[in-house]
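These are the residues of each chain, in order.
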Number of protein chains: 2
Amino acid sequence: MNTTPLSSTARTSLGRSRERGRTERADLYDVLDEGMICHLGVVVNGSPRVIPTAYGRVGDTLYVHGSTGASSLAAGPAGEVCVTVTHLDGLVLARSLFHHSVNYRSALIFGVPRQVTDPEERLAGLRAIVEQVAPGQWDATRQPNRKELAATTVMALSLEEASVKVRQGPPIDDDEDYALDVWAGVQPVRMVFEEPVSDAKLKPGIPVPPHIATRTTSVPAPQ
Amino acid sequence: MNTTPLSSTARTSLGRSRERGRTERADLYDVLDEGMICHLGVVVNGSPRVIPTAYGRVGDTLYVHGSTGASSLAAGPAGEVCVTVTHLDGLVLARSLFHHSVNYRSALIFGVPRQVTDPEERLAGLRAIVEQVAPGQWDATRQPNRKELAATTVMALSLEEASVKVRQGPPIDDDEDYALDVWAGVQPVRMVFEEPVSDAKLKPGIPVPPHIATRTTSVPAPQ
């Protein structure tokens, strides 16, 4: 495992809220490995475009994929991208509106992606993407055939230039506001997996596989 | 309420997966109103940068805010931004890896933001941002004072140029794959609010207010 600290280029050095910055590569891995989608930023005709998409990580490489016809990825090889992964962990509810915040973990990765052409690396990248979203699915389902692989673009982005920001903990109010008769605290927020819904066209007698079933958190219906 | 259809500029007309596009303005409002953070894309020195941040909506205007010293917003007035709001609704687990997908709703908004200088609009924008994250908080907590307002930049972005994409429903496999002995279906994903954690420095006797308490979903601890 790569244990070199994260880069400290101008744009990955935090100008504000410096105390929220993390410099360990392990922090970057943690943020990435817990996510399911990233927001991919590209520049198209000089304008920014931000697209949600799936991703996967192998070592110090992030993989994203797309259809060979998709314009979003077509912009990739030509120039730089920024990939952002964000976890919202809680609402920070202070006594004053000014000190409201959110608890979160986020990672920004900058770089010029390369199109993956090596067949083995393409498969490894696709596997990482699927396993990121649903661990266990790669081996449980039909593998991609030649035609499907040909229709898929796989892009690789080095994790060399990246920054990680984390805010956790209670609200921090101005000293005089602690005397106010105002409730303050954190409301944690969490992403949960609900009961799987089998496809109506499912062949009879096929149970939900354990790698899916065990992720399920039983949650009461929204009020 | 504005009921004109969404714009159909080149970049908001979907090239691929056209059936996922929504054209009603109400669809845009729905996606925005249910979110808590957006991903703000800007171009800095020619490179894309994607930053997670809070936002609020008033009619056909989206507001974001930041510290007056933050470089991310400083890039705003100079040029275009792209604001993306994404809801991940479920994992679409097909019989073949190629047809794996996610159920989601996303909105992309393009435009050149303007810095809000009118004091009333600044307050309205900040109120929308706070109420977006925690409805009821604006009136329950200490309002911003002059010094705090001076330290805050409020930016407004018109919702004129926007696109909405939605995927819902079961996996769609190739005809011959329905005979495979592979489970397929959707695992819904949902964001839940957990039990609020009162600040350790809270004045005794202040209960969690109803507008926070009623959002709470009791969720078993992660396994």
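Residues numbered from 1 in each chain as written. Chains lettered and ligands numbered in written order. Predicted model: local features only at pLDDT ≥ 70, side-chain atom pairs only at ≥ 80, totals over all residues. Heavy atoms only, no water.

> Is there a simple way to explain the nonpolar core in this structure?
Buried together is how nonpolar side chains tend to be arranged in soluble globular proteins. Ranked by size, the top nonpolar core spans 27 residues in total, and within it Leu88(A), Leu91(A), Leu93(A), Trp183(A), Val189(A), Met36(B) and Tyr63(B) carry the most contacts. Counting residues per element, the ones that place at least two in this core are strand E6 (81-93) and strand E7 (101-111) of chain A together with helix H3 (119-133) and strand E9 (152-158) of chain B. Broken down by element, the residue count for this core peaks at four residues, all from H3(B). In contact with Leu88(A), other than residues within four places in its own chain, are Val102(A), Asn103(A), Val189(A), Met36(B), Ile37(B) and Met191(B). (Core = buried A, V, L, I, M, F, W, Y, C linked by side-chain atoms within 4.5 Å. Buried < 20%, exposed > 50% of the residue type's maximum accessible area, 1.4 Å probe, protein only. Helix = DSSP H or I, 4+ residues; strand = E, 2+ residues; numbered from the N terminus. Contact = heavy atoms within 4.5 Å.)

> Any chance you could explain the sheet that holds E9(B) here in plain terms?
Sheet strands line up and pair through hydrogen bonds in the backbone, either parallel or antiparallel. Residues and elements named next belong to chain B. Reading across from one edge, E4-E5-E9-E8 is the order of the four strands in this open sheet, with antiparallel pairing throughout. Two strands close off the open sheet at either side, each with one partner strand: strand E4 (56-58) and strand E8 (114-115). Here two bridges tie E8 to E9, and the two strands are oriented antiparallel to one another. Within E9, the residue paired with Arg114 across the bridge is Ala156. Packed onto the sheet, H3 meets E4, strand E5 (61-67), E8 and E9 and runs at close to 125 degrees relative to E4. (Pairing = 2+ DSSP bridges. Axes fitted to C-alpha atoms, helices over the stretch in contact; angles between N-to-C directions.)

> So what exactly am I meant to see when it comes to the sheet that holds strand E9 (residues 152-158) of chain A here?
Residues and elements named next belong to chain A. Pairing in this open sheet of four strands is antiparallel, and the strands run E4-E5-E9-E8 from one edge to the other. A single partner strand is all that each edge strand has here, and the edge strands are strand E4 (56-58) and strand E8 (114-115). Sheet topology note: the strand E5 (residues 61-67)/E9 ladder contains seven bridges and is antiparallel. Bridged to Thr61 within E9 is Ser158. In the packing of helix H3 (residues 119-133) onto the sheet, the strands contacted are E4, E5, E8 and E9, and the crossing angle to E4 comes to about 125 degrees.

> What should I look at first to understand the confidence of the model for chain A in this one?
Do not read the predicted coordinates in detail wherever pLDDT is low. Averaged over chain A, the pLDDT score is 90; the fraction of residues at 70 or greater is 90%. Element-level mean pLDDT values for chain A span from 52 in helix H2 (residues 71-78) of chain A up to 98 in E4(A). (pLDDT = per-residue confidence, 0-100.)

> How should the pattern of salt bridges be read in this particular structure?
Opposite charge on two side chains makes pairing possible when the charged atoms of those side chains draw close. Counted under the stated rule, the structure contains 26 salt bridges over all chains. Two residues, Arg25(A) and Asp60(A), come together in a salt bridge whose shortest N-O distance is 3.0 Å. With a gap of 35 residues between them, Arg25(A) in helix H1 (residues 25-33) and Asp60(A) in the loop between E4 and E5 connect regions that are remote in the sequence. Looking at Arg25(A), the relative accessible area reads 4%, which means it is buried. Each of Arg142(A), Glu148(A), Asp174(B) and Asp177(B) takes part in one network of salt bridges that share partners. (Salt bridge = Lys/Arg side-chain N within 4 Å of Asp/Glu carboxyl O.)

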